[in-house]
Amino acid sequence: MSPAQDPHPDVIVVGAGAAGAAVAAMLGHRGVPTVLVDPRAAAPPDFRCEKLEGHQVTLADQAGLGPALRRVSTPAGALWIVRYGRVVERRAVPQLDFRYPDLVDAFRGEVGGSARLEVGKVVDLRTGPDRQEVELEDGRTLRSRLVVLATGLSRALPDHLGLRREVCSPGHSLCVGFDLESELPSGFPVPALTWYPDRPDARIAYLTLFPIAGRMRANLFLYRALQDPWLDALRADPLAALRPAMPDLERMLGPSRRVGAVRVRQSDLFDLVDLDRSGLVVVGDAAGTSCPAAGTGLDNVLTDAVRLCQEHLPRWLSTPGMGSEKIASFYADPVRRQCRERCRTLAFAVRRRALDQDLRARARRRLVFAGQLLRGGLRRGA
Ligand SMILES: Cc1cc2nc3c(=O)[nH]c(=O)nc-3n(C[C@H](O)[C@H](O)[C@H](O)COP(=O)(O)OP(=O)(O)OC[C@H]3O[C@@H](n4cnc5c(N)ncnc54)[C@H](O)[C@@H]3O)c2cc1C
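Residues numbered from 1 in each chain as written. Predicted model: local features only at pLDDT ≥ 70, side-chain atom pairs only at ≥ 80, totals over all residues. Heavy atoms only, no water.

**Q** Describe the site of the ligand, and please don't skip the residues or the numbers.
**A** Around the ligand, the structure places 32 residues, and the nearest of them are Ala19, Asp38, Tyr100, Asp285 and Leu298. One nitrogen or oxygen atom from the main chain of Ala150 is found 3.4 Å from an oxygen atom belonging to the ligand. Here Gly295 contributes a backbone N or O atom positioned 3.4 Å from an oxygen atom of the ligand. Contact with the protein chains removes 92% of the 1,000 Å² of surface that the ligand exposes when unbound. Sorting the residues of the shell around the ligand by element identifies helix 1 (18-29), strand 2 (34-38), helix 4 (100-109) and helix 9 (297-317) as the ones contributing at least two each. The element contributing the most residues to the shell around the ligand is helix 9, with 3 residues. For the shell around the ligand, a count of residues per class yields 16 nonpolar, 10 polar and 6 charged. (Near = heavy atom within 4 Å. Polar contact = N/O pair within 3.5 Å; in protein donor to acceptor, adjacent residues only side chain to side chain. Areas by Shrake-Rupley, 256 points an atom, 1.4 Å probe, with all protein chains shown as cover. Helix = DSSP H or I, 4+ residues; strand = E, 2+ residues; numbered from the N terminus. Nonpolar A, V, L, I, M, F, W, Y, C, P; charged D, E, K, R; others polar.)

**Q** If you had to explain the packing of helix 9 against helix 10 (residues 324-331) to someone new, which residues and values would you point to?
**A** Contact geometry of helix 9 with helix 10 gives a least axis separation of 10 Å together with a crossing angle of 150 degrees. For the element pair helix 9 / helix 10, the angle class is roughly antiparallel. Of the two possible hands of crossing, helix 9 and helix 10 adopt the one that is right-handed. Together, Asp304, Arg307, Leu308, His312 and Trp316 of helix 9 and Lys326, Ile327, Ser329 and Phe330 of helix 10 make up the contact between the two elements. Class assignment of the residues belonging to the contact of helix 9 with helix 10 gives a composition of 4 nonpolar, 2 polar and 3 charged. (Axes fitted to C-alpha atoms, helices over the stretch in contact; angles between N-to-C directions. Parallel < 35°, antiparallel > 145°, perpendicular 65-115°, else oblique. Left-handed = near helix turned anticlockwise from the far one by under 90°. Contact = heavy atoms within 4.5 Å.)

**Q** Which residues make up the packing of helix 9 against helix 11 (residues 334-355), and what values go with them?
**A** At a minimum axis distance of 10 Å, the contact between helix 9 and helix 11 shows a crossing angle of 175 degrees. Relative to helix 11, helix 9 is oriented roughly antiparallel. Between helix 9 and helix 11, the residues in contact are Asp299, Asn300, Thr303, Asp304 and Arg307 and Val335, Arg336, Cys339, Arg340, Arg342 and Cys343, respectively.

**Q** Hey, could you go over the pairing of strand 9 (residues 141-144) for me, with residue numbers and the actual values?
**A** What you see with strand 9 is a clean split: Leu142 and Ser144 sit on the buried side and Thr141 and Arg143 on the side with no burial. Inspection of the sheet shows strand 8 (residues 132-136) paired to strand 9 by 4 bridges, in the antiparallel sense. Residue pairing across strands places Gln132 opposite Ser144, the latter belonging to strand 9. Between the end of strand 8 and the start of strand 9, which pair antiparallel, lie 4 residues, with Gly139 showing a positive phi angle near 95 degrees. (Buried < 20%, exposed > 50% of the residue type's maximum accessible area, 1.4 Å probe, protein only. Pairing = 2+ DSSP bridges.)

**Q** Tell me about the sheet that holds strand 10 (residues 146-149), and please be specific about residues and values.
**A** Taken in spatial order, the 5 strands line up as 6-2-1-10-16 in an open sheet, and their pairing is parallel. Every other strand in the sheet has two partners, leaving strand 6 (115-119) and strand 16 (280-282) as the edge strands with one partner each. Here the average twist between neighbouring strands, direction ignored, is 20 degrees. With 4 bridges joining them, strand 1 (residues 11-14) and strand 2 adopt parallel strand pairing. Along strand 2, the bridge assignment pairs Val11 with Thr34. Packed on one face of the sheet, helix 9 meets strand 1, strand 10 and strand 16 and runs near 155 degrees to strand 10. Of the strands in this sheet, strand 10 and strand 16 are in contact with helix 10, which crosses strand 16 at around 10 degrees.

**Q** Tell me what's going on with the domain arrangement of the chain, and back it up with residues and numbers.
**A** As a measure of interface size, the accessible area lost when the parts come together is often cited. Segmentation of the chain into domains returns domain 1 (3-74 + 96-168 + 269-350) and domain 2 (170-267 + 355-381). Relative to domain 2, the C-alpha centre of domain 1 lies at a distance of 31 Å. Contacts between domain 1 and domain 2 engage 19 residues on the former and 22 residues on the latter. The contact between domain 1 and domain 2 buries some 1,800 Å² in all, and 58% of this surface belongs to carbon and sulfur atoms. Interface area lost by domain 1 to domain 2 is led by Phe47, Arg99 and Pro292, which between them contribute 35%. For the pair domain 1 and domain 2, the interface holds 3 salt bridges. When the shortest N-O distance is used, the salt bridge between Asp46 and Arg265 registers 3.0 Å. Contributing elements (two or more residues each) for the side of domain 1 that touches domain 2: strand 11 (164-182) and helix 11. For the side of domain 1 that touches domain 2, the element with the highest residue contribution is helix 11, accounting for 3 residues. Classifying every residue of the side of domain 1 that touches domain 2 gives 12 nonpolar, 1 polar and 6 charged. (Domains from an automatic or database assignment. Buried area = accessible area lost by both parts, 1.4 Å probe. Salt bridge = Lys/Arg side-chain N within 4 Å of Asp/Glu carboxyl O.)

**Q** Lay out the environment of Phe270 with the relevant residues and their values.
**A** With respect to the helices and strands, the residue Phe270 is situated in strand 15 (residues 256-273). A relative accessible area of 2% places Phe270 in the buried class. For the pair Phe270 and Thr141, spaced 129 residues apart in the sequence, the C-alpha separation amounts to 31 Å. Once residues within four sequence positions are removed from consideration, Phe270 is found in contact with Leu153, Arg165, Glu166, Val167, Cys168, Asp285, Ala286, Gly288, Thr289 and Arg344.

**Q** Summarise helix 1; cite the residues concerned and give the values.
**A** With 12 residues, helix 1 should reach 16 Å at 1.5 Å per residue; the first-to-last C-alpha distance of 16 Å fits that figure. Most of helix 1 sits inside the fold, with 11 of its 12 residues counted as buried. Against the buried residues of helix 1 lie strand 1, strand 2, helix 2 (54-62), helix 4, strand 6 and helix 9. (Expected span 1.5 Å × (residues − 1).)

Below, the structure is given as C-alpha coordinates:
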(Lines give C-alpha, C1' and ligand atoms only; values in the text may rest on other atoms or scores of the structure.)
Protein backbone atom coordinates (compact mmCIF):
# COMPACT_ATOMS: atom_id res chain seq x y z
CA MET A 1 0.00 0.00 0.00
CA SER A 2 1.42 3.39 -0.95
CA PRO A 3 1.63 5.95 1.86
CA ALA A 4 -0.96 8.04 0.02
CA GLN A 5 -3.58 5.30 0.58
CA ASP A 6 -2.67 4.74 4.24
CA PRO A 7 -5.95 4.90 6.24
CA HIS A 8 -3.91 5.93 9.31
CA PRO A 9 -1.65 8.73 8.15
CA ASP A 10 0.66 10.64 10.47
CA VAL A 11 -1.26 13.87 9.91
CA ILE A 12 -4.87 14.75 9.07
CA VAL A 13 -5.39 18.33 7.90
CA VAL A 14 -9.00 19.49 8.28
CA GLY A 15 -9.89 22.22 5.76
CA ALA A 16 -8.30 22.76 2.34
CA GLY A 17 -8.27 26.55 2.07
CA ALA A 18 -4.95 28.35 1.57
CA ALA A 19 -3.62 27.26 4.98
CA GLY A 20 -4.64 23.59 4.96
CA ALA A 21 -3.68 23.07 1.32
CA ALA A 22 -0.27 24.71 1.90
CA VAL A 23 0.40 22.48 4.92
CA ALA A 24 -0.66 19.30 3.10
CA ALA A 25 1.37 20.20 0.00
CA MET A 26 4.49 20.81 2.09
CA LEU A 27 4.07 17.59 4.08
CA GLY A 28 3.43 15.57 0.91
CA HIS A 29 6.68 16.86 -0.60
CA ARG A 30 8.51 15.90 2.60
CA GLY A 31 7.19 12.33 2.62
CA VAL A 32 4.95 12.70 5.68
CA PRO A 33 1.82 10.53 5.22
CA THR A 34 -0.98 13.11 5.24
CA VAL A 35 -4.70 13.27 4.47
CA LEU A 36 -6.27 16.65 3.68
CA VAL A 37 -10.05 16.70 4.21
CA ASP A 38 -12.48 19.24 2.73
CA PRO A 39 -16.16 19.03 1.78
CA ARG A 40 -15.41 20.15 -1.80
CA ALA A 41 -13.00 18.76 -4.38
CA ALA A 42 -12.56 22.26 -5.91
CA ALA A 43 -12.55 25.61 -4.12
CA PRO A 44 -15.94 27.38 -4.37
CA PRO A 45 -16.29 31.05 -5.46
CA ASP A 46 -15.29 33.22 -2.51
CA PHE A 47 -14.27 36.84 -1.97
CA ARG A 48 -11.03 36.68 0.01
CA CYS A 49 -7.40 37.59 -0.55
CA GLU A 50 -6.84 38.55 -4.21
CA LYS A 51 -3.27 39.78 -4.26
CA LEU A 52 0.06 38.99 -2.68
CA GLU A 53 2.81 41.53 -2.17
CA GLY A 54 6.53 40.85 -2.62
CA HIS A 55 7.30 39.53 0.89
CA GLN A 56 4.25 37.24 0.71
CA VAL A 57 5.42 35.85 -2.64
CA THR A 58 8.79 35.15 -0.96
CA LEU A 59 6.93 33.23 1.78
CA ALA A 60 5.09 31.23 -0.90
CA ASP A 61 8.48 30.45 -2.46
CA GLN A 62 9.75 29.27 0.93
CA ALA A 63 6.76 26.95 1.13
CA GLY A 64 7.60 25.62 -2.35
CA LEU A 65 4.32 27.05 -3.68
CA GLY A 66 5.70 30.01 -5.67
CA PRO A 67 5.57 28.34 -9.13
CA ALA A 68 1.96 27.15 -8.58
CA LEU A 69 0.99 30.63 -7.38
CA ARG A 70 2.57 32.30 -10.42
CA ARG A 71 0.71 30.00 -12.81
CA VAL A 72 -2.68 31.38 -11.68
CA SER A 73 -1.65 35.02 -11.12
CA THR A 74 -1.50 38.20 -13.16
CA PRO A 75 1.59 40.26 -12.24
CA ALA A 76 0.65 43.85 -11.42
CA GLY A 77 3.96 45.09 -12.90
CA ALA A 78 3.72 48.75 -11.88
CA LEU A 79 1.68 50.53 -9.23
CA TRP A 80 0.56 54.15 -9.12
CA ILE A 81 -0.07 55.67 -5.72
CA VAL A 82 -2.55 58.51 -5.30
CA ARG A 83 -2.72 60.79 -2.26
CA TYR A 84 -4.76 63.98 -1.92
CA GLY A 85 -5.99 63.32 -5.48
CA ARG A 86 -2.47 63.38 -7.01
CA VAL A 87 -0.35 60.57 -8.40
CA VAL A 88 2.61 60.78 -6.03
CA GLU A 89 4.52 57.65 -7.03
CA ARG A 90 4.74 55.19 -9.91
CA ARG A 91 6.83 52.18 -9.05
CA ALA A 92 7.50 48.63 -10.11
CA VAL A 93 6.00 46.10 -7.70
CA PRO A 94 6.41 42.32 -7.42
CA GLN A 95 2.67 42.01 -6.64
CA LEU A 96 0.70 38.99 -7.92
CA ASP A 97 -3.09 39.19 -8.47
CA PHE A 98 -5.55 36.26 -8.61
CA ARG A 99 -9.02 35.01 -7.70
CA TYR A 100 -8.93 33.32 -4.28
CA PRO A 101 -10.40 29.97 -5.48
CA ASP A 102 -7.66 29.82 -8.14
CA LEU A 103 -4.99 30.30 -5.46
CA VAL A 104 -6.54 27.59 -3.28
CA ASP A 105 -6.84 25.17 -6.21
CA ALA A 106 -3.23 25.93 -7.20
CA PHE A 107 -2.08 25.03 -3.67
CA ARG A 108 -4.34 21.93 -3.68
CA GLY A 109 -2.80 20.95 -7.01
CA GLU A 110 0.55 20.69 -5.20
CA VAL A 111 -0.81 18.08 -2.76
CA GLY A 112 0.89 14.89 -3.86
CA GLY A 113 3.67 12.50 -2.87
CA SER A 114 2.72 11.11 0.54
CA ALA A 115 -0.35 13.42 0.84
CA ARG A 116 -3.80 13.17 -0.70
CA LEU A 117 -7.10 15.07 -0.64
CA GLU A 118 -10.14 13.28 0.76
CA VAL A 119 -13.54 14.85 0.02
CA GLY A 120 -15.67 14.89 3.15
CA LYS A 121 -16.94 17.08 5.97
CA VAL A 122 -15.48 16.56 9.41
CA VAL A 123 -18.18 16.47 12.09
CA ASP A 124 -16.26 15.25 15.12
CA LEU A 125 -12.71 15.14 16.44
CA ARG A 126 -11.36 13.17 19.39
CA THR A 127 -7.85 14.21 20.30
CA GLY A 128 -5.33 12.98 22.85
CA PRO A 129 -1.61 12.56 23.57
CA ASP A 130 -1.19 9.53 21.23
CA ARG A 131 -3.92 8.89 18.65
CA GLN A 132 -6.43 11.23 17.07
CA GLU A 133 -9.79 10.27 15.56
CA VAL A 134 -11.57 12.28 12.92
CA GLU A 135 -15.15 11.44 12.03
CA LEU A 136 -16.62 12.38 8.66
CA GLU A 137 -20.26 13.16 7.95
CA ASP A 138 -20.59 9.98 5.87
CA GLY A 139 -19.64 7.84 8.88
CA ARG A 140 -15.99 7.16 8.01
CA THR A 141 -13.40 7.48 10.77
CA LEU A 142 -9.79 8.46 10.07
CA ARG A 143 -6.98 8.08 12.63
CA SER A 144 -3.65 9.87 12.83
CA ARG A 145 -0.90 11.03 15.19
CA LEU A 146 -1.76 14.73 14.71
CA VAL A 147 -4.71 16.80 13.49
CA VAL A 148 -4.14 20.21 11.90
CA LEU A 149 -7.28 22.34 12.11
CA ALA A 150 -7.43 24.78 9.16
CA THR A 151 -11.15 25.47 8.93
CA GLY A 152 -10.88 29.25 8.44
CA LEU A 153 -13.72 31.37 9.80
CA SER A 154 -16.09 28.45 10.39
CA ARG A 155 -17.09 28.22 14.05
CA ALA A 156 -18.50 24.70 13.99
CA LEU A 157 -15.47 22.57 14.88
CA PRO A 158 -13.74 25.03 17.25
CA ASP A 159 -17.06 25.45 19.12
CA HIS A 160 -17.58 21.68 19.14
CA LEU A 161 -14.10 21.26 20.65
CA GLY A 162 -14.79 23.95 23.25
CA LEU A 163 -12.11 26.27 21.84
CA ARG A 164 -12.93 29.81 22.93
CA ARG A 165 -12.95 32.68 20.43
CA GLU A 166 -11.80 36.04 21.83
CA VAL A 167 -13.03 38.85 19.58
CA CYS A 168 -10.77 41.88 20.03
CA SER A 169 -12.45 44.08 17.41
CA PRO A 170 -15.95 43.13 16.21
CA GLY A 171 -16.85 44.47 12.74
CA HIS A 172 -13.34 45.90 12.48
CA SER A 173 -13.51 46.71 8.76
CA LEU A 174 -15.39 46.19 5.52
CA CYS A 175 -13.91 45.04 2.25
CA VAL A 176 -15.75 45.63 -1.01
CA GLY A 177 -14.83 43.91 -4.27
CA PHE A 178 -15.94 44.53 -7.82
CA ASP A 179 -14.66 44.22 -11.40
CA LEU A 180 -14.28 46.93 -14.02
CA GLU A 181 -13.88 46.55 -17.77
CA SER A 182 -12.33 49.29 -19.88
CA GLU A 183 -14.26 50.62 -22.85
CA LEU A 184 -11.04 51.77 -24.50
CA PRO A 185 -9.60 49.45 -27.19
CA SER A 186 -6.18 49.87 -25.57
CA GLY A 187 -7.53 49.00 -22.12
CA PHE A 188 -6.96 50.87 -18.86
CA PRO A 189 -4.35 53.64 -18.99
CA VAL A 190 -3.21 52.77 -15.44
CA PRO A 191 -1.40 49.49 -14.65
CA ALA A 192 -2.48 49.15 -10.97
CA LEU A 193 -3.47 51.88 -8.60
CA THR A 194 -3.83 52.47 -4.86
CA TRP A 195 -5.78 55.54 -3.83
CA TYR A 196 -5.65 56.92 -0.28
CA PRO A 197 -8.41 59.55 0.10
CA ASP A 198 -6.61 61.09 3.13
CA ARG A 199 -10.02 62.36 4.29
CA PRO A 200 -11.17 60.83 7.61
CA ASP A 201 -14.82 61.74 6.90
CA ALA A 202 -14.77 59.30 3.94
CA ARG A 203 -14.04 56.46 6.42
CA ILE A 204 -11.98 54.77 3.70
CA ALA A 205 -8.52 53.27 4.26
CA TYR A 206 -7.82 52.94 0.54
CA LEU A 207 -9.04 51.67 -2.79
CA THR A 208 -6.73 49.37 -4.68
CA LEU A 209 -7.18 48.46 -8.34
CA PHE A 210 -5.19 45.67 -9.95
CA PRO A 211 -5.41 43.63 -13.15
CA ILE A 212 -6.73 40.07 -13.17
CA ALA A 213 -7.08 38.34 -16.54
CA GLY A 214 -8.00 41.40 -18.62
CA ARG A 215 -10.23 43.08 -16.04
CA MET A 216 -9.45 45.62 -13.33
CA ARG A 217 -10.32 44.25 -9.91
CA ALA A 218 -11.20 46.74 -7.18
CA ASN A 219 -10.74 46.11 -3.46
CA LEU A 220 -12.05 48.94 -1.28
CA PHE A 221 -11.28 48.87 2.46
CA LEU A 222 -13.41 51.01 4.73
CA TYR A 223 -14.85 51.44 8.20
CA ARG A 224 -18.65 51.62 8.31
CA ALA A 225 -21.51 49.61 9.76
CA LEU A 226 -22.92 46.94 7.47
CA GLN A 227 -26.32 48.67 7.67
CA ASP A 228 -24.93 52.04 6.51
CA PRO A 229 -27.20 53.27 3.64
CA TRP A 230 -24.10 54.52 1.78
CA LEU A 231 -23.33 50.88 1.08
CA ASP A 232 -26.57 50.60 -0.95
CA ALA A 233 -25.35 53.42 -3.17
CA LEU A 234 -21.96 51.73 -3.44
CA ARG A 235 -23.52 48.41 -4.43
CA ALA A 236 -25.65 50.15 -7.11
CA ASP A 237 -22.84 52.21 -8.68
CA PRO A 238 -19.45 52.00 -6.95
CA LEU A 239 -17.62 54.61 -9.03
CA ALA A 240 -20.42 57.16 -8.54
CA ALA A 241 -20.48 56.50 -4.79
CA LEU A 242 -16.72 57.01 -4.60
CA ARG A 243 -16.79 60.30 -6.57
CA PRO A 244 -16.83 62.66 -3.55
CA ALA A 245 -13.82 60.94 -1.94
CA MET A 246 -11.95 60.25 -5.20
CA PRO A 247 -13.10 62.98 -7.61
CA ASP A 248 -10.57 62.24 -10.37
CA LEU A 249 -10.76 58.45 -10.32
CA GLU A 250 -13.05 58.00 -13.33
CA ARG A 251 -10.99 60.38 -15.46
CA MET A 252 -7.84 58.49 -14.54
CA LEU A 253 -9.38 55.13 -15.44
CA GLY A 254 -10.96 56.31 -18.68
CA PRO A 255 -14.40 55.07 -19.75
CA SER A 256 -15.17 51.79 -17.98
CA ARG A 257 -18.12 49.72 -16.86
CA ARG A 258 -18.64 47.61 -13.80
CA VAL A 259 -19.22 43.91 -14.49
CA GLY A 260 -20.64 41.34 -12.08
CA ALA A 261 -21.69 41.75 -8.49
CA VAL A 262 -20.37 44.13 -5.85
CA ARG A 263 -19.36 41.98 -2.87
CA VAL A 264 -19.17 43.35 0.66
CA ARG A 265 -17.52 41.41 3.51
CA GLN A 266 -17.20 42.44 7.11
CA SER A 267 -14.25 41.23 9.19
CA ASP A 268 -13.97 40.70 12.93
CA LEU A 269 -10.57 40.46 14.53
CA PHE A 270 -10.44 37.41 16.79
CA ASP A 271 -8.09 34.83 18.29
CA LEU A 272 -8.78 31.30 19.48
CA VAL A 273 -7.41 30.98 23.00
CA ASP A 274 -6.22 28.13 25.25
CA LEU A 275 -4.90 26.22 22.26
CA ASP A 276 -2.26 24.05 23.97
CA ARG A 277 -4.05 20.71 23.54
CA SER A 278 -2.57 17.29 22.87
CA GLY A 279 -2.83 16.09 19.29
CA LEU A 280 -4.34 19.24 17.74
CA VAL A 281 -2.73 22.28 16.16
CA VAL A 282 -4.71 25.21 14.69
CA VAL A 283 -3.42 27.26 11.72
CA GLY A 284 -4.44 30.11 9.40
CA ASP A 285 -7.64 32.10 10.01
CA ALA A 286 -8.97 29.35 12.29
CA ALA A 287 -6.36 30.38 14.88
CA GLY A 288 -7.09 34.10 14.52
CA THR A 289 -7.80 36.69 11.87
CA SER A 290 -5.96 39.66 10.54
CA CYS A 291 -7.66 42.64 8.88
CA PRO A 292 -8.07 42.47 5.08
CA ALA A 293 -7.23 46.21 4.93
CA ALA A 294 -3.80 45.40 6.35
CA GLY A 295 -3.42 42.75 3.61
CA THR A 296 -1.69 40.31 5.94
CA GLY A 297 -3.92 37.20 6.17
CA LEU A 298 -1.57 35.25 3.92
CA ASP A 299 1.40 36.31 6.07
CA ASN A 300 -0.21 34.33 8.90
CA VAL A 301 -1.30 31.46 6.67
CA LEU A 302 2.09 30.94 5.03
CA THR A 303 4.15 31.61 8.16
CA ASP A 304 2.07 29.01 10.03
CA ALA A 305 2.58 26.49 7.21
CA VAL A 306 6.32 27.12 6.85
CA ARG A 307 7.08 27.05 10.60
CA LEU A 308 4.89 24.02 11.27
CA CYS A 309 6.17 21.90 8.38
CA GLN A 310 9.83 22.95 8.32
CA GLU A 311 10.55 23.48 12.02
CA HIS A 312 8.13 21.74 14.38
CA LEU A 313 6.42 18.77 12.78
CA PRO A 314 9.56 16.83 11.76
CA ARG A 315 10.73 17.02 15.40
CA TRP A 316 7.34 16.06 16.84
CA LEU A 317 7.06 13.01 14.59
CA SER A 318 10.58 11.81 15.42
CA THR A 319 9.58 10.88 19.00
CA PRO A 320 6.50 9.05 20.32
CA GLY A 321 3.42 10.91 21.47
CA MET A 322 1.80 14.24 20.58
CA GLY A 323 1.42 15.83 24.00
CA SER A 324 0.44 19.42 24.63
CA GLU A 325 4.08 20.46 25.27
CA LYS A 326 4.88 19.71 21.61
CA ILE A 327 1.84 21.67 20.43
CA ALA A 328 2.67 24.61 22.75
CA SER A 329 6.09 24.98 21.11
CA PHE A 330 4.35 25.92 17.82
CA TYR A 331 2.31 28.73 19.39
CA ALA A 332 5.43 29.94 21.24
CA ASP A 333 7.46 29.99 18.01
CA PRO A 334 9.02 33.49 17.92
CA VAL A 335 8.72 33.84 14.13
CA ARG A 336 5.03 32.92 14.22
CA ARG A 337 4.34 35.14 17.23
CA GLN A 338 6.08 38.13 15.69
CA CYS A 339 4.14 37.65 12.46
CA ARG A 340 0.78 37.47 14.27
CA GLU A 341 1.63 40.50 16.45
CA ARG A 342 2.80 42.56 13.47
CA CYS A 343 -0.39 41.75 11.52
CA ARG A 344 -2.60 42.70 14.47
CA THR A 345 -0.70 45.96 15.13
CA LEU A 346 -1.00 46.86 11.46
CA ALA A 347 -4.76 46.18 11.49
CA PHE A 348 -5.24 48.90 14.12
CA ALA A 349 -2.64 51.25 12.61
CA VAL A 350 -4.29 51.21 9.17
CA ARG A 351 -7.64 52.00 10.79
CA ARG A 352 -6.18 54.81 12.91
CA ARG A 353 -4.41 56.36 9.94
CA ALA A 354 -7.66 56.41 7.95
CA LEU A 355 -9.94 57.75 10.69
CA ASP A 356 -7.93 59.92 13.08
CA GLN A 357 -8.74 63.61 12.74
CA ASP A 358 -6.37 65.17 15.27
CA LEU A 359 -3.51 67.49 14.40
CA ARG A 360 -0.88 64.79 14.72
CA ALA A 361 -2.71 62.45 12.38
CA ARG A 362 -3.20 65.21 9.82
CA ALA A 363 0.48 66.17 10.04
CA ARG A 364 1.44 62.52 9.58
CA ARG A 365 -0.72 62.19 6.46
CA ARG A 366 0.91 65.33 5.01
CA LEU A 367 4.36 63.97 5.83
CA VAL A 368 3.66 60.67 4.08
CA PHE A 369 2.30 62.63 1.10
CA ALA A 370 5.46 64.78 0.92
CA GLY A 371 7.72 61.73 1.29
CA GLN A 372 6.01 59.86 -1.51
CA LEU A 373 5.96 62.93 -3.72
CA LEU A 374 9.70 63.30 -3.20
CA ARG A 375 10.43 59.61 -3.81
CA GLY A 376 8.24 59.68 -6.91
CA GLY A 377 10.06 62.81 -8.19
CA LEU A 378 13.48 61.28 -7.52
CA ARG A 379 12.48 58.11 -9.36
CA ARG A 380 11.31 60.13 -12.38
CA GLY A 381 14.54 62.13 -12.33
CA ALA A 382 16.76 59.04 -12.05
C1 LIG B 1 -12.54 40.26 1.68
C2 LIG B 1 -11.20 39.76 2.13
C3 LIG B 1 -10.05 40.27 1.54
C4 LIG B 1 -8.79 39.81 1.96
N5 LIG B 1 -7.67 40.36 1.39
C6 LIG B 1 -6.46 39.92 1.78
C7 LIG B 1 -5.29 40.46 1.18
O8 LIG B 1 -5.33 41.35 0.31
N9 LIG B 1 -4.09 39.95 1.56
C10 LIG B 1 -3.99 38.95 2.50
O11 LIG B 1 -2.87 38.50 2.79
N12 LIG B 1 -5.11 38.43 3.10
C13 LIG B 1 -6.32 38.89 2.76
N14 LIG B 1 -7.45 38.36 3.34
C15 LIG B 1 -7.31 37.26 4.35
C16 LIG B 1 -7.13 35.89 3.68
O17 LIG B 1 -8.10 35.71 2.66
C18 LIG B 1 -7.30 34.79 4.75
O19 LIG B 1 -6.35 35.00 5.77
C20 LIG B 1 -7.07 33.39 4.16
O21 LIG B 1 -7.93 33.18 3.07
C22 LIG B 1 -7.33 32.32 5.24
O23 LIG B 1 -7.15 31.02 4.69
P24 LIG B 1 -7.55 29.73 5.53
O25 LIG B 1 -7.06 28.56 4.77
O26 LIG B 1 -7.13 29.90 6.94
O27 LIG B 1 -9.15 29.72 5.55
P28 LIG B 1 -10.17 29.35 4.36
O29 LIG B 1 -9.63 29.73 3.04
O30 LIG B 1 -11.49 29.90 4.78
O31 LIG B 1 -10.24 27.75 4.36
C32 LIG B 1 -10.99 27.03 5.28
C33 LIG B 1 -11.31 25.66 4.67
O34 LIG B 1 -11.85 24.82 5.68
C35 LIG B 1 -12.87 24.03 5.12
N36 LIG B 1 -13.73 23.54 6.18
C37 LIG B 1 -14.50 24.25 7.03
N38 LIG B 1 -15.16 23.42 7.87
C39 LIG B 1 -14.78 22.16 7.54
C40 LIG B 1 -15.12 20.87 8.05
N41 LIG B 1 -16.01 20.71 9.04
N42 LIG B 1 -14.55 19.77 7.48
C43 LIG B 1 -13.65 19.90 6.47
N44 LIG B 1 -13.30 21.11 5.96
C45 LIG B 1 -13.86 22.22 6.48
C46 LIG B 1 -13.58 25.00 4.15
O47 LIG B 1 -14.30 24.27 3.16
C48 LIG B 1 -12.38 25.75 3.56
O49 LIG B 1 -11.89 25.12 2.38
C50 LIG B 1 -8.70 38.82 2.97
C51 LIG B 1 -9.87 38.32 3.57
C52 LIG B 1 -11.10 38.78 3.15
C53 LIG B 1 -12.35 38.23 3.80
